[in-house]
Amino acid sequence: MARAVSLGLAVASLAALSACGGNKELPRADLAASQVTTIGVNSYLWRAALDTLSFAPMAEVDSNGGVIVTDWYTNPNSPNERVKVTATILDSDLRADALRVAASRQVMQNGQWVEAPMEAATVQKLEEVILTKARDLRRSAIRG
């Protein structure tokens, strides 16, 4: 309720300001813009990537550069295998090509972690999950 009142006051203030002063146009308020740059990258993609990768401990999180790197994660059901994921947000627009996900996989052999191939479908699935969550976040913001 308080949020709706605050939003109403903000809209009324913008309307009153737009009636003042010459030919200057004020930017339109767009609460759910597909381009959000306050943190350097698209905030919907950023939040969706953080949420999707929250299963693993974070090694690096840089919102200005748009990079999230997890530490190695070992699934308790597969103790001889671990993965590390890097998500990079490349643009301020909410677009599929604004997201790149890369993953590394290692398996335990003779007491040593050894590089192993990662299925491309796994990386593609992570990208799809992040993009779907980002779109859902944007839709939620539009509905308010």
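Throughout what follows, the structure given in this document is the object of discussion. Every chain's residues receive numbers from 1 upward, in the order its sequence appears when written. Per-residue local features of the predicted model are confined to residues with pLDDT of at least 70, and side-chain atom pairs are confined, for both listing and counting, to 80 or more; whole-chain, interface and lining totals are unaffected and use all residues. The basis for the side-chain values is all heavy atoms of the structure; hydrogens and waters are excluded.

### A word on the nonpolar core
Thinking step 1. For our purposes a nonpolar core is just a set of buried Ala, Val, Leu, Ile, Met, Phe, Trp, Tyr and Cys residues, chained together by side-chain atoms within 4.5 Å. To sort residues, take the accessible area from a 1.4 Å probe on protein chains only and compare it with the maximum for the residue type: under 20% means buried, over 50% means exposed, and anything in between is partly exposed. With 20 residues, the main nonpolar core has Leu45, Val101 and Ile130 as its most contacted residues.
Thinking step 2. Should any heavy atoms of two residues lie within 4.5 Å, those residues are counted as being in contact. Those residues in contact with Ile130 that sit more than four places away from it in its chain are Leu45, Ala48, Ala49, Thr52, Leu99 and Val101.

### What about the sheet that holds strand 4 (residues 99–109)?
Thinking step 1. DSSP-based pairing: two strands are paired if at least 2 bridges between them are found. Going along the chain from the N terminus, every DSSP run of H or I of four or more residues is numbered as a helix, and every run of E of two or more is numbered as a strand. The strand order across the open sheet formed by five strands is 1-2-3-4-5, and the pairing between neighbours is antiparallel. Edge positions in the sheet fall to strand 1 (58–62) and strand 5 (112–116), since each of these pairs with one other strand and no more. Each neighbouring strand pair of the sheet contributes to a mean axis angle of 15°, computed without reference to strand direction.
Thinking step 2. Sheet topology places strand 4 next to strand 5; five bridges connect them, and they run antiparallel. Opposite Val107, over in strand 5, you have Val114 as the bridge partner. Think of each axis as a best-fit line through the C-alpha atoms, taken over the contacting stretch in the case of a helix, with angles from 0 to 180 degrees between the N-to-C directions.

### Concerning helix 2 (residues 43–52)
Thinking step 1. For helix 2, a buried count of seven out of 10 residues is recorded, marking the element as mostly surrounded by other parts of the structure.
Thinking step 2. When we look at burial in helix 2, the residues that qualify are Ser43, Tyr44, Leu45, Trp46, Ala48, Ala49 and Thr52.
Thinking step 3. Next to the buried residues of helix 2 lie strand 1, strand 2 (67–70), strand 3 (81–89) and helix 3 (120–143).
Thinking step 4. Polar contact is defined as a pair of N or O atoms within 3.5 Å, subject to the rule that within protein one atom must be able to donate a hydrogen and the other to accept it, and that residues adjacent in sequence are counted only when both atoms are side-chain atoms. Among the residues of helix 2, the N-terminal cap falls to Asn42, whose side-chain oxygen and the backbone nitrogen of Tyr44 are separated by 3.0 Å.

### Regarding the side chain of Ser92
Thinking step 1. Positionally, Ser92 belongs in the loop between strand 3 and strand 4.
Thinking step 2. At a separation of 3.5 Å, a polar atom in the side chain of Ser92 contacts the side chain of Asp91.

### Topic: unusual backbone geometry
Thinking step 1. Positive phi is not limited to glycine here, since Asn110 has a value of about 55°.
Thinking step 2. Tracing the backbone shows Asn110 in the loop between strand 4 and strand 5.

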